[in-house]
Amino acid sequence: MTSLGDLLDGPGDEALVHLGDESWTRAEVRAKADAVAARLTGAGVQSGQAVAVQLPDGVDLVATLFGVWWAGAVYVPVNPRSTADEVEHVLASVEPAAVVTVDGVTARATDRRQEPDVALISFTSGTTGRPKPVLLRHEGVATLMDGVLAKMGWAGRDPDKTPMPNLLPVSLSLWAGLYNLIFAFRVGAAVVILSPFDTKRFAEAVKRFGLKSTVLPPAAMTMLADDETITDLTPLRFVRSITAPLSPLQARRFKDRFGIAVLNSYGQTEIGGEIVGWNAADSRQFGEDKLGAVGRPHEGVEVRVDADTGELQVVTPALSAGYADGADLADRLTDDGWFRTGDVGRVDDEGFVWIEGRLSDMVNRGGLKVFPAEVEEVLRLHASVTDVAVAGVPDDRLGEVPWAWVVGEFDPMELEAHAREHLAPYKVPAGWTSLVELPRNEVGKVLLRELRPD
């Protein structure tokens, strides 16, 4: 059985983790992980039991991740910024045998165990409701990761070459952060921890480590494009977009500003990793024509579109093991075994996948379909709009109508005229709400549950 815990093994003893001006070698990280595993075993943690970890980003968190696996346990990330209510939701959902904080290891009584191959429990983003605890398997994560590497033309570790470090620009309490951490160890690369994201520190890290490619969430790309003090990101050549949908407008702004190719990607927590994406060859051939597409399916992945709903359905080499609260993925599978993504999209003649929106976000305005992402893109083109979110709200006559929450000093009549110039009348928001800022989670996704009326 594959274990992600084996990824900490490897040749050499180079600096493995970088945080600011500090760094730790492979041997030092191993020693810390050994100590964590011993403390967990001493606290009574048994194979298959969950361990909740609420630590700030750093070498101790990295070592704890591997220490949990070395103890045969299941890793559960808990954001240090979480409220007491949010932490209680996590603990109630997974029933951990221990909680690790900066104060040490606290044992908890529980009989719950997961299957032997479960590596971690990652919570969904919870943009429309309570986050759900997804069970991710060692084998599944490794299999999907190897599909991404195959698309990139990776031929395996070369003992004579030191891979370029992986920069981690998002919190390691998020699946996107942990995924890219694991990805680094899979290819034998060191990691550069950069969280919370800061444009100046990012630019400095790019130059210090000679980064030619990295991952960034759309919000970070927007921050860089907006920061007039950042004028050069040499030698960076490629940025892979992660965590949230990247609009063609934002991709274009970043590319035009820095001359860096933006490679989109697509995956879901329930799947366990990335299943669709770009590589450098596709970027060179189709970069301009396909701007906005999330890429083409990775090895072993098939994508189709439901003729009735437009929903994307996929067959992948791996899926999650369901949810830690006992729910499974049965309602997400079609009768012939395809996974229902919940995203509406299309696949073009060259095999590129385009995402148009979430099926659950679609506004049914009296039988006419409105996808908020399209409306948001148009509104962002107006000079008065700094940020915007569009969602459906109840309407007595039409069932629901699109509504816009706008950040910026805007004239509603002027913005409505702008929308009517570029959109069909039924897609124009029925109303406008002015906000100082949109409620977003740490990866930049808008928390619609905080906007919509009860």
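Since this is a predicted model, take the numbers as computed values, not measurements.

Caption draft 1: View of unusual backbone geometry. In this model, Thr 234 is joined to Pro 235 through a cis peptide bond whose omega is 10°. When you line up the elements, Pro 235 lands in the loop between α7 (218–226) and β12 (238–241).

Caption draft 2: Fine view of the sheet that holds strand β1 (residues 15–19). If you walk across this open sheet you meet the four strands as β2-β1-β10-β9, and the pairing is mixed. Each edge of the open sheet is held by one strand with a lone partner, namely β2 (22–25) and β9 (166–168). Mean inter-strand twist for the sheet, computed between neighbouring axes without regard to direction, equals 20°. Pairing analysis gives three bridges linking β9 to strand β10 (residues 191–193), with the strands arranged parallel. Counted as the bridge partner of Asn 166 is Val 191 from β10. Across the sheet, helix α5 (residues 175–187) lies against β1, β9 and β10, angled at about 165° from β9, the strand it touches most.

Caption draft 3: Broad picture of the pairing of strand β24 (residues 399–407). Across nine bridges, the pairing between strand β23 (residues 387–395) and β24 is antiparallel. Within β24, the residue paired with Val 390 across the bridge is Ala 404. Taking the residues between adjacent antiparallel strands as the criterion, β23 and β24 are bridged by three residues. In terms of strand pairing, β24 meets strand β25 (residues 431–435) through five bridges, oriented parallel. Pairing of Val 406 across the sheet is with Ser 434, part of β25. Taking the sense of rotation as the criterion, the β-α-β connection linking β24, helix α11 (residues 412–422) and β25 turns out right-handed.

Caption draft 4: Representation of the environment of Leu 178 in the model. Counting through the fold element by element, Leu 178 comes out in helix α5. Residue class for Leu 178 comes out buried when judged on its relative accessible area of 1%. Through-space distance from the C-alpha of Leu 178 to that of Glu 139 is 16 Å; in sequence the pair is 39 residues apart.

Caption draft 5: Structural detail: helix α6 (residues 199–208). Within α6, burial applies to Thr 199, Phe 202, Ala 203, Ala 205 and Val 206. Buried positions in α6, seen along its axis, are confined to an arc of 160° and lie on one side of it. Among the residues of α6, the N-terminal cap falls to Asp 198, whose side-chain oxygen and the backbone nitrogen of Lys 200 are separated by 3.1 Å. Positive phi shows up at Gly 210, right after α6, with a value of about 60°.

Rules used throughout
Residues numbered from 1 in each chain as written. Predicted model: local features only at pLDDT ≥ 70, side-chain atom pairs only at ≥ 80, totals over all residues. Heavy atoms only, no water. Helix = DSSP H or I, 4+ residues; strand = E, 2+ residues; numbered from the N terminus. Pairing = 2+ DSSP bridges. Axes fitted to C-alpha atoms, helices over the stretch in contact; angles between N-to-C directions. Contact = heavy atoms within 4.5 Å. Right-handed = clockwise from strand over helix to strand, strands pointing away. Buried < 20%, exposed > 50% of the residue type's maximum accessible area, 1.4 Å probe, protein only. Arc of directions from axis to C-beta. Polar contact = N/O pair within 3.5 Å; in protein donor to acceptor, adjacent residues only side chain to side chain.

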